[in-house]
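A look at the structure
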Amino acid sequence: MKYLDEFRDPELAASLVESIHRRSTRQIRIMEFCGTHTVSIFKHGIRQLLPPTIEMLSGPGCPICVTANTDLDWAIALASQPNLIITTFGDMLRVPGSRSSLERAKAEGADIRIVYSTLDALQIARDNPERPVVFLGIGFETTAPTVAVSILQAREERIENYNVLSLHKLTPPATKAVLDSGESLLDGIIGPGHVTTVIGSRAWEFLPQEYGISCVIAGFEPLDVLQGIYTLVERVENSEPRVDNLYARSVRREGNQTALDYVNMVFEPNAADWRGMGTIPASGLRLRAEFRRFDARENYKVDPGPTEEPPGCLCGDVIRGAATPPDCPLYREACTPHNPVGPCMVSSEGTCAAYYMYAGEGL
Amino acid sequence: MDRILLAHGSGGQLSHDLIRDLFLPHFPAPTLAKLDDAAVVQPLASAATGAQPNISRASRLAFTTDSYVVKPLFFNGGDIGRLAVCGTVNDLAMVGATPLYLSAGFVIEEGLEMETLRRVVASMKASAEEAGVEVVAGDTKVVERGGADRLFINTAGLGAVPPGIEISASNAQPGDLVILSGAIGDHGLAVLSEREGLAFKSQLASDAAPLNHLVSAMLEVSPEIHVLRDPTRGGLATTLNEIARQSQAAIAIEESRIPVHEDVRAACEMLGYDPLYVANEGKLVAMVAPHAAEAVLQAMHGDPYGKEATIIGEVMAQPVGKVLLRTGIGGTRIVDMLAGEMLPRIC
């Protein structure tokens, strides 16, 4: 397929792998921030092609996984409000909260509908003017612009029954939190390609400047990832930390200004709860005052009950790269994609699910 | 508009009219026309029907049933009627049986347009003729509005397994080559692309097809076909996992050898699906003794549903119960069963 096969060329891949082996002498740790990278690395079997000098860690870049149980419980409690329709991306459905999940709430009668776009959610609101419709705003800087546009559209069309529960999160503050925790000493980061398309590669310049760590912005095909790893090896070997944009077919230094403008028009940064990382200042997005009437948090008072974490679950540590899935006592035993305990096993982009699905035992 | 009424399921005059005017013209088997409570069919030895070869007296019976609830009822490349015939015919074919007879049970929601039912039944007739099976028994139930989603169909099938044929998912042997009959993912994406809420238009067409003639062509050239399976729900990945587990063997496949049509690949990339897990309704995977593989492959290429057949891997002794995939760039990974529903990515 055009524009994909070029990035999966076996010969080019082999030559990149060979270059990495030749160039890598120092022991280094690389974190891929984004869940889509994690899946790509596993799906194409990239880890086994790397020399033992390179250790790959998976980061917090799975939006489902980083959603805190407090927020999840709130959404589940909201779903049980009579007459209300919840619209959500499908991944959220099976994530277990403290006591239930959206999937279970749905089975118990809640009207929860999977949508593929905020425009679908808006259409459901148009079609059901007498019922409140809430869209669960999950995701990083990538999904936030489309949610912002849906709210502007709702305002313009006076679709007053449309609400958003904004659980959006920002990636640079999360990266800082991972680094500040000091748990995983990283030499390089593969930055999130989709997120960076929106926020621009300049958003990562703090990594070399403040932390002395290199960052590559890479696409998601195997050659993209291998090229990213090779570049990070090169930077570490030469001790010259910097940001390299290798995803120039999508990413510019200044990002997508239109998307950023929409986000800024509708949202403002606020503190957000992250699974495994606690509350991080200015790491989330909430609706600005003039859009509060679309804010589900403002419009509904629900009691989600006390928050509980599943005993033994290491999702919080896995998200920070402080543990790998096999470190978790539940992994593969009590927790599988068929019967997940923590969110990292539910989401198709979760680190535990990627380990389980693609790596097997001892691979 | 002419619609299904609750009375069509009452057993009275309307039921009779429905059977006489709508079903019987499409399913002309004399056995069915008798409208007895059960079909009394010929002994296997003389059961040759239509295009079927003579059935040996030593044949064993194969019997299967499946229910069809696909939504929407009609989609590009097929409909619930074609699925109901092909699915059951294929289940019989996958144990090496020659399909002979089908039953068809219809659960119809009150209010269904008569024309819709007529189209579905006509499609069943065409598919049954293509497969060379007769519908010899049937049932109709009408449920109140909301009691079913428009139309559900159950079919059961009876077939004859010739002597010497031992095909089972537990029969894969290390060294066997894995043959796939064609490109994967067509059916699942064709249905998905018509579902409400997914805003993309495409030319994707379901591959729904009866595979029994393909299987007879394969068996004609070699009895050393150890496993046959049609990778329907859960896709090729799930089917291969089932075979690996049941056969206590490992299966290694090559990503670059698995045919996937260009539009299916594109749609999968866009939606975040893996074609390995997408449903098929007209494909089979076979584990064949290595020395017989080439002949079987040639025979498959001569059948319209096997033109793209290709060897995609082999059966190994270890690691037991696992499916390994060699990726396009030379890495290796595990291919597991599908967990839950496949969902599109959100970032």
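Turning our attention to the overall build of chain B. For chain B, the helix and strand inventory stands at 9 helices and 13 strands. Radius of gyration (C-alpha) of chain B: 21 Å, near the 20 Å computed for a compact globule of 347 residues. Counting across all 347 residues of chain B, residues that qualify as buried make up 55%. Across chain B, every contact between residues at least 6 apart in sequence was considered, and the portion connecting residues at least 24 apart equals 86%. Accessible area for chain B stands at about 14200 Å²; split by element, carbon and sulfur atoms hold 52% of it. Across chain B, the mean location of the 26 positive side-chain charges is 2 Å away from that of the 41 negative side-chain charges.

Glancing now at unusual backbone geometry. B:Pro72 follows B:Lys71 through a cis peptide bond whose omega is 0 degrees. Secondary-structure assignment places B:Pro72 in the loop between strand 1 (60-68) and strand 2 (74-75). At A:Asn83, a position not held by glycine, the phi torsion is positive, near 75 degrees. Secondary-structure assignment places A:Asn83 in the loop between helix 4 (69-79) and strand 3 (85-88).

Residue and element names in this part refer to chain B. Looking at chain direction, strand 7 (residues 177-180) and strand 10 (residues 285-288) are connected through 4 bridges and run antiparallel. Looking across to strand 10, one finds that Leu 180 is bridged to Val 285. In this structure, strand 7 lies alongside strand 11 (residues 310-316), joined through 4 bridges in antiparallel fashion. By the bridge assignment for strand 11, Leu 180 is matched with Thr 310.

This brings us to the interface of chain A and chain B. Opposite the 41 residues of chain A that make contact, chain B presents 30 residues. Broken down residue by residue, the surface that chain A buries against chain B is led by A:Met1, A:Tyr116 and A:Met357, which jointly contribute 23%. Applying the counting rule to chain A against chain B returns 2 salt bridges. Two residues, B:Glu269 and A:Arg8, come together in a salt bridge whose shortest N-O distance is 2.7 Å.

This next bit is on helix 8 (residues 171-181) of chain A. All of the buried residues along helix 8 of chain A are A:Thr171, A:Pro172, A:Pro173, A:Ala174, A:Thr175, A:Val178 and A:Leu179. Looking at the residues trailing helix 8 of chain A, positive phi occurs at A:Gly182, about 70 degrees.

A few words now on a nonpolar patch on the surface. All names here are of chain A. A cluster of nonpolar residues, Val 149, Tyr 262 and Met 265, forms a patch on the protein surface that exposes about 220 Å² of accessible area. For Val 149, the position within the fold is in helix 7 (residues 144-157). On the basis of relative accessible area, Val 149 is assigned to the partly exposed category, the value being 30%.

On to the pairing of strand 5 (residues 134-143) of chain B, then. Residue and element names in this part refer to chain B. Inspection of the sheet shows strand 4 (residues 98-109) paired to strand 5 by 9 bridges, in the parallel sense. By the bridge assignment, Glu 109 is partnered in strand 5 with Val 143. After leaving strand 4, the chain enters helix 4 (residues 114-131) and then returns to the sheet as strand 5, a path that is right-handed.

The next point concerns the domain arrangement of chain A. All names here are of chain A. What the domain assignment lists for chain A is domain 1 (5-62 + 174-245), domain 2 (65-170 + 255-299) and domain 3 (315-359). Taking only C-alpha atoms, the centre of domain 1 and the centre of domain 2 are 31 Å apart. Taken residue by residue, the interface counts 14 residues in domain 1 and 15 residues in domain 2. Across the interface of domain 1 and domain 2, roughly 1100 Å² is buried in total on both sides, 75% from carbon and sulfur atoms. It is Cys 62, Ala 174 and Val 198 in domain 1 that bury the most area against domain 2; as a group they hold 45% of the surface buried on that side. At the boundary of domain 1 and domain 2, one finds 4 residue pairs in polar contact (both at pLDDT 80 or more). Each residue belonging to the side of domain 1 that touches domain 2 can be placed in one class, and the counts come to 8 nonpolar, 5 polar and 1 charged.

Next up on the list: the packing of aromatic side chains. The geometry of two aromatic rings is summed up by the distance between their centres and the angle between their planes. By the definition in use, this model includes 9 aromatic pairs over all chains. Between the aromatic rings of B:Phe23 and B:Phe106, the centroid separation amounts to 4.6 Å while the plane-to-plane angle is 40 degrees, which identifies the pairing as tilted. On the criterion of sequence distance, the pair formed by B:Phe23 in helix 1 (residues 13-23) and B:Phe106 in strand 4 is long-range, its members being 83 residues apart. With a relative accessible area of 5%, B:Phe23 lands in the buried category. Residue classification places B:Phe106 among the buried residues on the basis of a relative accessible area of 2%. Members of the aromatic cluster, connected to one another through ring pairs, are A:Phe33, A:Phe140, A:Trp204, A:Phe206, A:Tyr211 and A:Trp274. A:Lys176 extends its terminal NZ or CZ atom over the ring of A:Phe206, reaching a point 4.8 Å from the ring centre. In this arrangement the basic side chain of A:Arg297 is found over the ring face of A:Trp74, its NZ or CZ atom lying 4.8 Å from the centre.

Residues and elements named next belong to chain A. In this structure the tally under the stated criterion is 1 disulfide over all chains. Between the sulfur atoms of Cys 62 and its disulfide mate Cys 65 the distance is 2.2 Å. Between Cys 62 and Cys 65 the sulfur-sulfur dihedral comes to about 70 degrees; the bridge is accordingly right-handed. Taken individually, Cys 62 and Cys 65 each receive the classification buried, so the pair is uniform in this respect. Cys 215 carries a free sulfur, and the closest cysteine sulfur to it, the one in Cys 34, is 12 Å from it.

Residues and elements named next belong to chain B. As enumerated under the stated definition, the model contains 37 salt bridges over all chains in all. Note that Lys 71 is salt-bridged to Asp 149, the shortest N-O span being 3.4 Å. Residue Lys 71 is found in the loop between strand 1 and strand 2, and its partner Asp 149 is found in the loop between strand 5 and strand 6 (151-161); the two are separated by 78 residues along the sequence. One salt bridge connects Arg 150 with Glu 113, and the closest N-O pair in it is separated by 3.5 Å. You can see Arg 150 sitting in the loop between strand 5 and strand 6 and its partner Glu 113 sitting in the loop between strand 4 and helix 4, a full 37 residues away along the chain.

Below, the discussion takes up the environment of B:Ala29. Residues and elements named next belong to chain B. Tracing the sequence through the fold places Ala 29 in the loop between helix 1 and helix 2 (30-33). Linking Ala 29 and Ala 137, residues 108 residues apart in sequence, is a C-alpha distance of 9.2 Å. Not counting the four nearest positions on each side in its chain, Ala 29 is found in contact with Glu 134, Val 135 and Val 136.

This brings us to the sheet that holds strand 4 of chain B. Residues and elements named next belong to chain B. Strands sit in the order 1-6-4-5 across an open sheet of 4 strands; the sheet is mixed. Every interior strand has two partners, whereas the edge strands, strand 1 and strand 5, have only one. Taken pair by pair, the neighbouring strands of this sheet meet at an average axis angle of 15 degrees, ignoring direction.

Conventions used here
- Residues numbered from 1 in each chain as written.
- Chains lettered and ligands numbered in written order.
- Predicted model: local features only at pLDDT ≥ 70, side-chain atom pairs only at ≥ 80, totals over all residues.
- Heavy atoms only, no water.
- Helix = DSSP H or I, 4+ residues; strand = E, 2+ residues; numbered from the N terminus.
- Rg over C-alpha atoms; globule rule 2.2 N^0.38 Å.
- Buried < 20%, exposed > 50% of the residue type's maximum accessible area, 1.4 Å probe, protein only.
- Contact = heavy atoms within 4.5 Å.
- Areas by Shrake-Rupley, 256 points an atom, 1.4 Å probe, with all protein chains shown as cover.
- Lys, Arg positive; Asp, Glu negative; His and termini not counted.
- Charge placed at Lys NZ, Arg CZ, Asp CG, Glu CD.
- Pairing = 2+ DSSP bridges.
- Buried area = accessible area lost by both parts, 1.4 Å probe.
- Salt bridge = Lys/Arg side-chain N within 4 Å of Asp/Glu carboxyl O.
- Patch = residues over 30% accessible without salt bridge, like charges linked within 9 Å, V, L, I, M, F, W, Y side chains within 5 Å.
- Right-handed = clockwise from strand over helix to strand, strands pointing away.
- Domains from an automatic or database assignment.
- Polar contact = N/O pair within 3.5 Å; in protein donor to acceptor, adjacent residues only side chain to side chain.
- Nonpolar A, V, L, I, M, F, W, Y, C, P; charged D, E, K, R; others polar.
- Phe/Tyr/Trp six-rings, centres within 6.5 Å; stacked < 30°, edge-to-face > 60°.
- Lys NZ or Arg CZ within 6 Å of the ring centre and 35° of its normal.
- Disulfide = S-S within 2.5 Å.
- Axes fitted to C-alpha atoms, helices over the stretch in contact; angles between N-to-C directions.

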